[in-house]
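# Topology and contacts: notes
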Amino acid sequence: MVAELPRASKTATRESAAALKARAARIAKTLKRLYPGARISLDFKTAWQCLAATILSAQCTDERVNRVTPELFRQYPDARAMANADPNHVQELIVTTGFFRQKTRALIDAARSIVERHGGEVPVEMEDLVKLKGVGRKTANVIRGHVFGKPGFVVDTHVRRLTYRLGFTKSEEPDEIESEMGEILPPAEWTEFSMALILHGRQVCFARKPKCDECELRPDCPQIGVVEAQKTKVKPGRSSRI
Ligand code: SF4
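To start, this report covers the structure provided alongside it.

Calculation notes
Residues numbered from 1 in each chain as written. Predicted model: local features only at pLDDT ≥ 70, side-chain atom pairs only at ≥ 80, totals over all residues. Heavy atoms only, no water. Phe/Tyr/Trp six-rings, centres within 6.5 Å; stacked < 30°, edge-to-face > 60°. Near = heavy atom within 4 Å. Nonpolar A, V, L, I, M, F, W, Y, C, P; charged D, E, K, R; others polar. Helix = DSSP H or I, 4+ residues; strand = E, 2+ residues; numbered from the N terminus. Contact = heavy atoms within 4.5 Å. Axes fitted to C-alpha atoms, helices over the stretch in contact; angles between N-to-C directions. Parallel < 35°, antiparallel > 145°, perpendicular 65-115°, else oblique. Left-handed = near helix turned anticlockwise from the far one by under 90°.

Moving on, we come to the packing of aromatic side chains. By the definition in use, this model includes 2 aromatic pairs. Put simply, the rings of F153, F168 and F193 touch in pairs and so form one group of aromatic residues.

Rendered as C-alpha coordinates:
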(Lines give C-alpha, C1' and ligand atoms only; values in the text may rest on other atoms or scores of the structure.)
Protein backbone atom coordinates (compact mmCIF):
# COMPACT_ATOMS: atom_id res chain seq x y z
CA MET A 1 0.00 0.00 0.00
CA VAL A 2 1.28 3.47 -0.87
CA ALA A 3 0.52 5.97 1.86
CA GLU A 4 0.53 9.76 2.01
CA LEU A 5 0.56 10.37 -1.70
CA PRO A 6 -0.22 13.97 -2.61
CA ARG A 7 -3.41 14.55 -4.55
CA ALA A 8 -3.45 16.23 -7.95
CA SER A 9 -5.69 19.25 -8.06
CA LYS A 10 -9.19 18.56 -9.35
CA THR A 11 -9.86 22.25 -9.80
CA ALA A 12 -6.71 23.20 -11.62
CA THR A 13 -6.94 25.86 -14.24
CA ARG A 14 -6.87 24.67 -17.84
CA GLU A 15 -3.72 22.68 -18.45
CA SER A 16 -1.43 23.87 -21.21
CA ALA A 17 -0.39 21.43 -23.94
CA ALA A 18 3.16 21.45 -22.56
CA ALA A 19 1.96 20.73 -19.02
CA LEU A 20 -0.27 17.94 -20.30
CA LYS A 21 2.64 16.33 -22.15
CA ALA A 22 4.88 16.67 -19.11
CA ARG A 23 2.25 15.06 -16.89
CA ALA A 24 1.75 12.25 -19.42
CA ALA A 25 5.52 11.68 -19.45
CA ARG A 26 5.55 11.39 -15.65
CA ILE A 27 2.64 8.94 -15.78
CA ALA A 28 4.42 6.94 -18.50
CA LYS A 29 7.50 6.74 -16.28
CA THR A 30 5.45 5.52 -13.31
CA LEU A 31 3.61 2.98 -15.45
CA LYS A 32 6.90 1.64 -16.82
CA ARG A 33 8.10 1.09 -13.25
CA LEU A 34 4.83 -0.56 -12.20
CA TYR A 35 4.36 -2.70 -15.33
CA PRO A 36 7.77 -3.08 -17.01
CA GLY A 37 7.51 -4.28 -20.59
CA ALA A 38 3.70 -4.36 -20.42
CA ARG A 39 2.31 -6.54 -23.16
CA ILE A 40 -0.93 -8.22 -23.96
CA SER A 41 -1.15 -11.54 -22.08
CA LEU A 42 -2.55 -13.52 -25.00
CA ASP A 43 -0.42 -16.41 -26.25
CA PHE A 44 0.51 -16.42 -29.96
CA LYS A 45 3.45 -17.09 -32.23
CA THR A 46 2.41 -15.54 -35.54
CA ALA A 47 0.54 -12.50 -36.79
CA TRP A 48 -2.45 -14.65 -37.67
CA GLN A 49 -2.52 -16.19 -34.20
CA CYS A 50 -2.28 -12.71 -32.64
CA LEU A 51 -5.20 -11.56 -34.77
CA ALA A 52 -7.28 -14.64 -33.93
CA ALA A 53 -6.54 -14.48 -30.20
CA THR A 54 -7.42 -10.78 -30.11
CA ILE A 55 -10.77 -11.47 -31.82
CA LEU A 56 -11.47 -14.16 -29.22
CA SER A 57 -10.55 -11.86 -26.34
CA ALA A 58 -13.59 -9.62 -26.84
CA GLN A 59 -15.76 -9.90 -23.71
CA CYS A 60 -13.50 -12.69 -22.45
CA THR A 61 -10.44 -12.94 -20.21
CA ASP A 62 -7.03 -13.53 -21.79
CA GLU A 63 -6.61 -16.55 -19.51
CA ARG A 64 -9.69 -18.22 -20.94
CA VAL A 65 -8.61 -17.42 -24.50
CA ASN A 66 -5.20 -18.94 -23.77
CA ARG A 67 -6.87 -22.19 -22.73
CA VAL A 68 -8.70 -22.40 -26.06
CA THR A 69 -6.10 -21.28 -28.58
CA PRO A 70 -3.57 -24.15 -28.38
CA GLU A 71 -6.07 -26.59 -29.88
CA LEU A 72 -7.54 -23.97 -32.21
CA PHE A 73 -4.09 -23.10 -33.56
CA ARG A 74 -3.15 -26.78 -33.81
CA GLN A 75 -6.14 -27.44 -36.05
CA TYR A 76 -6.13 -24.06 -37.84
CA PRO A 77 -2.52 -22.83 -37.74
CA ASP A 78 -2.86 -20.07 -40.31
CA ALA A 79 -5.30 -17.92 -42.27
CA ARG A 80 -5.50 -20.40 -45.15
CA ALA A 81 -6.62 -23.18 -42.83
CA MET A 82 -9.19 -20.97 -41.11
CA ALA A 83 -10.51 -19.64 -44.43
CA ASN A 84 -11.65 -23.19 -45.28
CA ALA A 85 -12.88 -24.11 -41.79
CA ASP A 86 -16.20 -25.69 -40.97
CA PRO A 87 -17.93 -23.03 -38.82
CA ASN A 88 -19.56 -25.67 -36.60
CA HIS A 89 -16.18 -27.15 -35.76
CA VAL A 90 -14.66 -23.75 -34.98
CA GLN A 91 -17.64 -22.93 -32.76
CA GLU A 92 -17.07 -26.10 -30.77
CA LEU A 93 -13.44 -25.19 -30.19
CA ILE A 94 -14.07 -21.62 -29.04
CA VAL A 95 -17.44 -21.99 -27.30
CA THR A 96 -16.07 -21.17 -23.84
CA THR A 97 -14.90 -17.70 -24.95
CA GLY A 98 -18.49 -16.51 -25.34
CA PHE A 99 -20.20 -14.93 -28.36
CA PHE A 100 -18.84 -17.95 -30.20
CA ARG A 101 -21.04 -17.63 -33.29
CA GLN A 102 -20.02 -14.02 -33.94
CA LYS A 103 -16.38 -14.80 -33.18
CA THR A 104 -16.41 -17.80 -35.54
CA ARG A 105 -17.82 -15.59 -38.29
CA ALA A 106 -15.18 -12.94 -37.59
CA LEU A 107 -12.33 -15.47 -37.63
CA ILE A 108 -13.40 -17.04 -40.91
CA ASP A 109 -14.23 -13.72 -42.57
CA ALA A 110 -10.90 -12.20 -41.53
CA ALA A 111 -9.04 -15.30 -42.74
CA ARG A 112 -10.78 -15.22 -46.13
CA SER A 113 -9.98 -11.51 -46.56
CA ILE A 114 -6.33 -12.19 -45.74
CA VAL A 115 -6.16 -15.03 -48.24
CA GLU A 116 -8.01 -13.19 -51.00
CA ARG A 117 -6.30 -9.80 -50.65
CA HIS A 118 -2.93 -10.53 -49.08
CA GLY A 119 -1.95 -14.02 -50.19
CA GLY A 120 -2.56 -15.49 -46.74
CA GLU A 121 -0.23 -13.10 -44.86
CA VAL A 122 -1.55 -10.63 -42.30
CA PRO A 123 -0.86 -7.12 -43.64
CA VAL A 124 1.23 -4.61 -41.70
CA GLU A 125 -0.39 -1.31 -42.62
CA MET A 126 -3.28 0.03 -40.57
CA GLU A 127 -5.34 0.89 -43.65
CA ASP A 128 -5.11 -2.74 -44.83
CA LEU A 129 -5.74 -4.25 -41.41
CA VAL A 130 -8.94 -2.31 -40.74
CA LYS A 131 -10.33 -3.34 -44.12
CA LEU A 132 -10.25 -6.98 -43.00
CA LYS A 133 -13.64 -8.19 -41.88
CA GLY A 134 -13.89 -8.45 -38.10
CA VAL A 135 -10.81 -6.29 -37.51
CA GLY A 136 -11.14 -2.84 -35.95
CA ARG A 137 -8.47 -0.37 -34.89
CA LYS A 138 -8.08 -2.01 -31.47
CA THR A 139 -7.19 -5.39 -32.95
CA ALA A 140 -5.08 -3.73 -35.64
CA ASN A 141 -3.09 -1.78 -33.04
CA VAL A 142 -2.52 -4.92 -30.96
CA ILE A 143 -1.11 -6.68 -34.04
CA ARG A 144 0.99 -3.73 -35.16
CA GLY A 145 2.41 -3.17 -31.69
CA HIS A 146 3.02 -6.78 -30.69
CA VAL A 147 3.89 -8.49 -33.97
CA PHE A 148 5.32 -5.85 -36.28
CA GLY A 149 6.89 -3.52 -33.72
CA LYS A 150 4.93 -0.54 -35.07
CA PRO A 151 3.50 2.03 -32.67
CA GLY A 152 -0.11 1.25 -31.82
CA PHE A 153 -2.22 2.85 -29.07
CA VAL A 154 -4.79 0.22 -28.09
CA VAL A 155 -8.11 1.54 -26.76
CA ASP A 156 -10.20 -0.96 -24.85
CA THR A 157 -12.73 -0.42 -22.06
CA HIS A 158 -9.99 0.13 -19.44
CA VAL A 159 -8.10 2.61 -21.59
CA ARG A 160 -11.31 4.54 -22.29
CA ARG A 161 -11.98 4.83 -18.56
CA LEU A 162 -8.44 5.65 -17.47
CA THR A 163 -7.68 8.22 -20.16
CA TYR A 164 -10.85 10.02 -19.06
CA ARG A 165 -10.08 9.86 -15.34
CA LEU A 166 -6.51 10.98 -15.99
CA GLY A 167 -7.79 14.03 -17.84
CA PHE A 168 -6.26 13.12 -21.21
CA THR A 169 -9.54 13.17 -23.12
CA LYS A 170 -13.20 13.98 -22.81
CA SER A 171 -14.10 11.72 -25.70
CA GLU A 172 -15.77 8.34 -25.41
CA GLU A 173 -14.87 7.36 -28.98
CA PRO A 174 -11.91 4.97 -29.23
CA ASP A 175 -10.70 6.51 -32.50
CA GLU A 176 -10.71 10.00 -31.00
CA ILE A 177 -8.99 8.80 -27.83
CA GLU A 178 -6.30 7.11 -29.92
CA SER A 179 -5.81 10.26 -31.93
CA GLU A 180 -5.67 12.54 -28.86
CA MET A 181 -3.21 10.26 -27.07
CA GLY A 182 -1.10 10.27 -30.21
CA GLU A 183 -0.72 14.03 -29.79
CA ILE A 184 0.22 13.76 -26.11
CA LEU A 185 2.67 10.83 -26.21
CA PRO A 186 5.59 10.07 -28.55
CA PRO A 187 4.91 7.07 -30.85
CA ALA A 188 7.53 4.97 -29.10
CA GLU A 189 5.36 5.04 -25.96
CA TRP A 190 2.00 4.15 -27.51
CA THR A 191 1.98 0.38 -27.26
CA GLU A 192 3.51 -0.03 -23.82
CA PHE A 193 1.59 2.91 -22.31
CA SER A 194 -1.78 1.58 -23.48
CA MET A 195 -0.94 -1.96 -22.33
CA ALA A 196 0.10 -0.63 -18.91
CA LEU A 197 -3.16 1.33 -18.64
CA ILE A 198 -5.07 -1.90 -19.29
CA LEU A 199 -3.17 -3.61 -16.46
CA HIS A 200 -3.71 -0.64 -14.16
CA GLY A 201 -7.42 -0.69 -14.95
CA ARG A 202 -7.58 -4.37 -14.09
CA GLN A 203 -5.57 -4.14 -10.88
CA VAL A 204 -6.14 -0.68 -9.38
CA CYS A 205 -8.35 1.75 -11.26
CA PHE A 206 -11.53 -0.33 -11.20
CA ALA A 207 -14.67 0.93 -12.88
CA ARG A 208 -16.73 1.35 -9.74
CA LYS A 209 -14.33 1.41 -6.81
CA PRO A 210 -10.91 2.54 -7.99
CA LYS A 211 -8.23 2.16 -5.33
CA CYS A 212 -7.13 5.79 -5.48
CA ASP A 213 -5.65 5.73 -1.98
CA GLU A 214 -3.18 3.06 -3.07
CA CYS A 215 -2.60 4.34 -6.59
CA GLU A 216 0.86 5.56 -7.53
CA LEU A 217 -0.58 7.68 -10.34
CA ARG A 218 -2.53 9.76 -7.86
CA PRO A 219 -0.08 12.68 -7.71
CA ASP A 220 -0.69 13.19 -11.43
CA CYS A 221 -4.34 12.15 -11.63
CA PRO A 222 -7.24 14.61 -11.45
CA GLN A 223 -9.54 11.61 -10.83
CA ILE A 224 -12.18 12.97 -13.17
CA GLY A 225 -15.56 11.35 -12.60
CA VAL A 226 -14.34 9.06 -9.82
CA VAL A 227 -16.80 10.33 -7.19
CA GLU A 228 -19.68 9.80 -9.61
CA ALA A 229 -18.38 6.30 -10.50
CA GLN A 230 -18.43 5.30 -6.86
CA LYS A 231 -22.14 6.13 -6.70
CA THR A 232 -22.95 4.34 -9.95
CA LYS A 233 -23.96 0.71 -10.14
CA VAL A 234 -21.97 -1.10 -12.79
CA LYS A 235 -23.14 -4.50 -13.97
CA PRO A 236 -20.51 -7.25 -13.79
CA GLY A 237 -18.47 -7.36 -16.94
CA ARG A 238 -19.35 -3.81 -17.90
CA SER A 239 -17.23 -0.77 -17.43
CA SER A 240 -18.34 2.65 -16.31
CA ARG A 241 -17.09 5.62 -18.29
CA ILE A 242 -17.08 7.77 -15.18
S1 SF4 B 1 -7.10 4.69 -9.24
FE2 SF4 B 1 -7.73 6.83 -8.86
S3 SF4 B 1 -5.80 7.98 -8.80
FE4 SF4 B 1 -5.36 6.00 -9.79
S5 SF4 B 1 -5.58 6.37 -11.99
FE6 SF4 B 1 -7.55 5.63 -11.23
S7 SF4 B 1 -8.71 7.52 -10.77
FE8 SF4 B 1 -6.56 8.08 -10.91
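Resuming the write-up.
All residues adjacent to the ligand are R165, C205, P210, C212, C215, R218, C221, Q223 and V226. Class assignment for the residues of the shell around the ligand results in 6 nonpolar, 1 polar and 2 charged.

Turning our eyes to something else, we now look at the side chain of H158. When you line up the elements, H158 lands in helix α9 (residues 157-165). In contact with H158, not counting residues within four places along its chain, are L197, I198, G201 and R202.

Between helix α2 (residues 47-56) and helix α6 (residues 100-118), whose axes approach to 9 Å, the crossing angle comes to 155°. When the interaxial angle is binned, α2 and α6 end up roughly antiparallel. Crossing of α2 over α6 shows right-handed handedness. Facing α2, whose interface residues are W48, L51, A52, I55 and L56, α6 presents K103, A106, L107, A110, A111 and I114.

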